[in-house]
Amino acid sequence: MACATCSNGSADACATHMLDVAEADHIETAFSRYAKQQPQCGFGTAGLCCRICLQGPCRIDPFGNGPQYGVCGADRDTIVARHLVRMMAAGTAAHSEHGRHIALALLHVGDHKLVDYDVHDDEKLHVVATRMGVETEGREQSAIVHDLAELTLDDYQNQDYDKPCHWLSASLPPPRLKKLNDLGLLPHNIDATISQSMSRTHMGCDADPGNLILGGLRVALADLNGEMLATELSDVLFGTPMPVASTANLGVLKRNAVNVAVNGHNPLLSEIICNVAADLHDEAVAAGAPDGINIVGVCCTGNELMMRHGVPLATNYLSQELPILTGALEAMVVDVQCVMPSLPRVAACFHTKIITTDKQNKITGATHIEFDEYRASEIAHEILRVAISNFKRRDQKRIDIPNIKQEALVGFSTEGIISALAKVNPQDPLQALVDNIANGNIQGIVLFAGCNNAKIKQDENYLVMAKSLAKRNVLVIATGCASGAFAKGGMMTSAATAQYAGEGLAGVLTAIGEAAGLGGALPPVLHMGACVDNSRGVALATALANKLKVDISDLPLVASAPEAMSEKAMAIGTWSVALGIPTHLGTVPPVVGSDTVTDLITNAAKAQLGGYFIVDTDPKRAADKLFAVIQERRAGLGLSTVALAPKPATFQLAQPRTASALLAS
Ligand code: SF4
Ligand code: MSK
């Protein structure tokens, strides 16, 4: 039986309504399953449980009264560090497989083997190819595409350990590249770095927590390399996002349409589904749906389509089961990452078909229609016809679409931001941003990245922190499920700028928005894309650092994943630290069992890299800490600062007793 009242619930009104429906109908969701998991294991929470070999699981007594070593002799520091590095490696594998898929598709486009795909942004192709050292002058587009794809795939194949991956080398600011190179942190090959992470964390290998964390930083930078190439090559294939109007939340579902949700991450299939939906309009009407086919997004596939085409976003990660409960969803088409295995069980209570499409990612109870780029259009038609034929199975009495949807201005890729700034200063677009940071109208920039986590009231931390920082004139950029939270929460509108931005920030956003003809002020939160698009935040930071001739670690730039959940989030947070960005986590990573590892990712990282983790589960206090860091950075650049309270601790939990309670449970 569901138990919405004993879960953490959601700040999203649609989700809250659907959770009531779930409870009334005895349908389990992530929210009620989380409640049933309580209390969660204290050893696992602290990172003190090891089951890397069959002698385990071994548990370390956190208070020193019981066993202090696993059967093999591994101590708490080794166990915590190994576990953490494995999380980073898995996150890197996820992003980098996504990137490889896109790179191979691009290669086959260059070789004229894929009829359903083409280059949609020739200008970006030339910019990226030039940056990567691919000759473009006087060459056919297909030849440039081929060489760019080959060079990208070399980042998965190069065997020279001392030759860093091409994408990082071509993209990061020179001082940061030098620092990372000097520390031996630049990966040479994504696959090999993942493999080395798994190898060094095998039973009986690396048992030095410092050395392990260095390996973690290296694999996390391989994750960034994978994200960069996935994002940039997706832009080449499908277009670089530019500001576009969209809508968000469950009210985007239509009673009189065949509703199809696309969920996951990879745009290769979802783009084609959008392209062919119009072809099948008449079939949908003939099936009884006068409004035809309505494609909506969930999670990061949703962000990809929203950013490029304004496709409405139904919801983000934690509430992905809830569109099914509206009774109006004919199909949910899923590919990879962050797709809940429970979807077919929830769908079994309704008429919805869950369609898996990736041969490595099947779910028991789902319909599997395997995607193949060589037959992309044909498969997209097949999937949509399954949805159309399912329309007649709807139970009209159970249809319950909340009448709530938010307007959202989205599409702020780095190029999208620069194109808006160019309307203010065509010769030097970034100068407008630099000037307003220098004069204090914009105090700094915060990148909100990451997921939802059932441990936290859904979306709440994002909204609390962004409102607190925007009020203090901090520009907010967002990716992944953070973007979903802000879009649903009404933070991507001009009205939100008037309501939440401080005077200086509001003035800048209004001037730029009006100059760019965007119908009013830019929103206080700029949607930068999916979780793989955190690389867009790096592109913006790099552009600013290069313009000011400083390192990223000098900029008044911070990051936050206040509802971090996935292994990808651990990889992202770690490369963010490696780039010199103070990075907040609002959920506690499994490190509290080791003071050594906790110190490595906070104090030692700060000394070596400039970036470090700030762990704080209280969103108001976390916002204060990030603002304090921004002031520290402003002072370092000789810019005006705002007086602040004394400096707070970097690792702090909402209730002081929580850490020991976790360990004692
Ligand atoms: Fe136990 Fe060591 Fe095996 Fe881990 S690797 S389960 S600590 S024996
Ligand atoms: S989907 S990794 S829950 S952002 Fe990218 Fe959202 Fe986090 Fe998955």
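Position labels on residues start from 1 in each chain and follow its written sequence. The order in which chains are written sets their letters, starting at A; the order in which ligands are written sets their numbers, starting at 1. Per-residue local features are limited, in this predicted model, to residues with pLDDT of at least 70; the limit for side-chain atom pairs, both in listing and counting, is 80 or more; totals at the level of whole chains, interfaces and linings are taken over all residues. Only hydrogens and water are set aside when side-chain values are computed; all heavy atoms of the structure are taken into account.

Here a residue counts as near a molecule or strand whenever at least one of its heavy atoms sits within 4 Å of it. The local shell around ligand 2 consists of His265, Cys300, Tyr317, Cys338, Gly450, Cys451, Gly480, Cys481, Cys531, Met565, Ser566 and Lys568. A class-by-class count of the residues in the shell around ligand 2 yields seven nonpolar, four polar and one charged. Three categories are distinguished: nonpolar for Ala, Val, Leu, Ile, Met, Phe, Trp, Tyr, Cys and Pro, charged for Asp, Glu, Lys and Arg, and polar for the others, with Gly belonging to the last.

Before going further, it helps to spend a moment on the nonpolar core. Grouped together as the largest cluster of nonpolar side chains are 176 residues, with contacts concentrated most on Ile293, Phe448, Phe486 and Leu579. Both domains that meet at this core, namely domain 1 (96-207 + 218-238) and domain 2 (250-398), each give it at least three residues. Sequence-distant contacts of Leu579, defined by excluding residues within four places in its chain, comprise Leu172, Arg176, Leu180, Leu221, Leu224, Val538, Ile552 and Ser553. In terms of nonpolar packing, the next biggest core, distinct from the first, is built from 36 residues, Ala15, Ala22, Cys299 and Leu329 among them. To define a nonpolar core, start from buried Ala, Val, Leu, Ile, Met, Phe, Trp, Tyr and Cys residues and group those joined through side-chain atoms within 4.5 Å. Using a 1.4 Å probe on the protein chains alone, a residue whose accessible area is under 20% of its type maximum counts as buried, one over 50% counts as exposed, and one in between counts as partly exposed. A domain assignment, automatic or from a database, supplies the domain bounds used here. Only heavy atoms matter for contacts: two residues are in contact if any of them lie within 4.5 Å across the pair.

How two aromatic rings sit relative to each other is set out by the distance from centre to centre and by the angle between their planes. Stacked, edge-to-face and tilted are the three classes for Phe, Tyr and Trp ring pairs, Trp counted by its six-membered ring, which pair at centre distances within 6.5 Å; planes under 30 degrees apart are stacked, over 60 edge-to-face, the rest tilted. Following the criterion strictly, the structure yields four aromatic pairs and no others. Taken together, a centroid distance of 6.3 Å and an interplanar angle of 75° make the contact between Phe448 and Tyr462 edge-to-face. Of this pair, Phe448 sits in strand β11 (residues 444-448) while Tyr462 sits in helix α19 (residues 460-471), and the two are 14 residues apart along the sequence. Since its relative accessible area comes to 0%, Tyr462 is described here as buried. Taking the centre distance of 5.7 Å and the plane angle of 70° together, the rings of Tyr462 and Phe486 count as edge-to-face. Highlighted residues: Tyr462 in helix α19 and Phe486 in helix α20 (residues 480-488), separated in sequence by 24 residues. Across the pair, exposure class does not vary: Tyr462 and Phe486 are buried alike. Grouped by ring-pair contacts, the aromatic residues Phe448, Tyr462 and Phe486 constitute a single cluster. By definition here, charges over rings are those cases where NZ of Lys or CZ of Arg is within 6 Å of the ring centre and within 35 degrees of the ring normal. We note Arg398 situated over the ring of Phe350; from NZ or CZ to the ring centre the distance is 3.9 Å. Here a strand is any run of E in DSSP of at least two residues, a helix any run of H or I of at least four, and the numbering for each starts at the N terminus.

Once that is clear, we can look at helix α11 (residues 267-277). When you tally the buried positions in α11, you get nine out of 11 residues, the bulk of the element. Pro267, Leu268, Leu269, Ser270, Glu271, Ile272, Ile273, Val276 and Ala277 are the residues of α11 that are buried.

What follows concerns the domain arrangement of the chain. For the chain, the assigned domains are domain 1 (96-207 + 218-238) and domain 2 (250-398). One C-alpha centre belongs to domain 1, the other to domain 2; they are set 30 Å apart. Contacts between the two partners involve 14 residues from domain 1 and, on the opposite side, 16 residues from domain 2. Across the domain 1/domain 2 interface, buried area totals approximately 1,300 Å², and carbon plus sulfur atoms make up 57% of it. Per-residue buried area on domain 1 facing domain 2 is highest for His98, Tyr117 and Phe238; these three make up 43% of the total on that side. Only one rule defines a salt bridge in this text: a Lys or Arg side-chain nitrogen within 4 Å of an Asp or Glu carboxyl oxygen. At the junction of domain 1 and domain 2, the tally comes to one salt bridge. Measuring nitrogen to oxygen at the nearest pair gives 2.8 Å for the salt bridge that ties Arg308 to Asp235. Here a polar contact is taken to be a pair of N or O atoms separated by no more than 3.5 Å, where protein atoms must pair a possible hydrogen donor with a possible acceptor and residues adjacent in sequence count only if both atoms sit in side chains. Along the contact surface separating domain 1 from domain 2 lie seven residue pairs in polar contact (both at pLDDT 80 or more). Accessible-area loss on putting two parts together, using a 1.4 Å probe and summing over both, is the definition of buried area adopted here.

Another aspect to go through is the packing of α19 against helix α26 (residues 619-636). Between α19 and α26, the shortest axis-to-axis distance is 9 Å and the interhelical angle comes to 40°. In terms of orientation, α19 and α26 fall into the oblique class. Along this stretch, α19 crosses α26, giving a crossing that reads as right-handed. Contact residues: α19 offers Asn461, Val464, Met465, Ser468 and Leu469, while α26 offers Pro619, Lys620, Ala622, Ala623, Leu626 and Phe627. When grouped by side-chain class, the residues that make up the contact of α19 with α26 number eight nonpolar, two polar and one charged. For every element, the axis is a line fit to its C-alpha atoms; helices are fit only across the contacting stretch, and the angle between N-to-C directions ranges from 0 to 180 degrees. Convention used here: angles under 35 degrees read as roughly parallel, angles over 145 as roughly antiparallel, angles from 65 to 115 as roughly perpendicular, and any remaining angle as oblique. Crossings are classed by handedness, with left-handed meaning an anticlockwise turn of the near helix from the far one by less than a right angle and right-handed meaning a clockwise turn.

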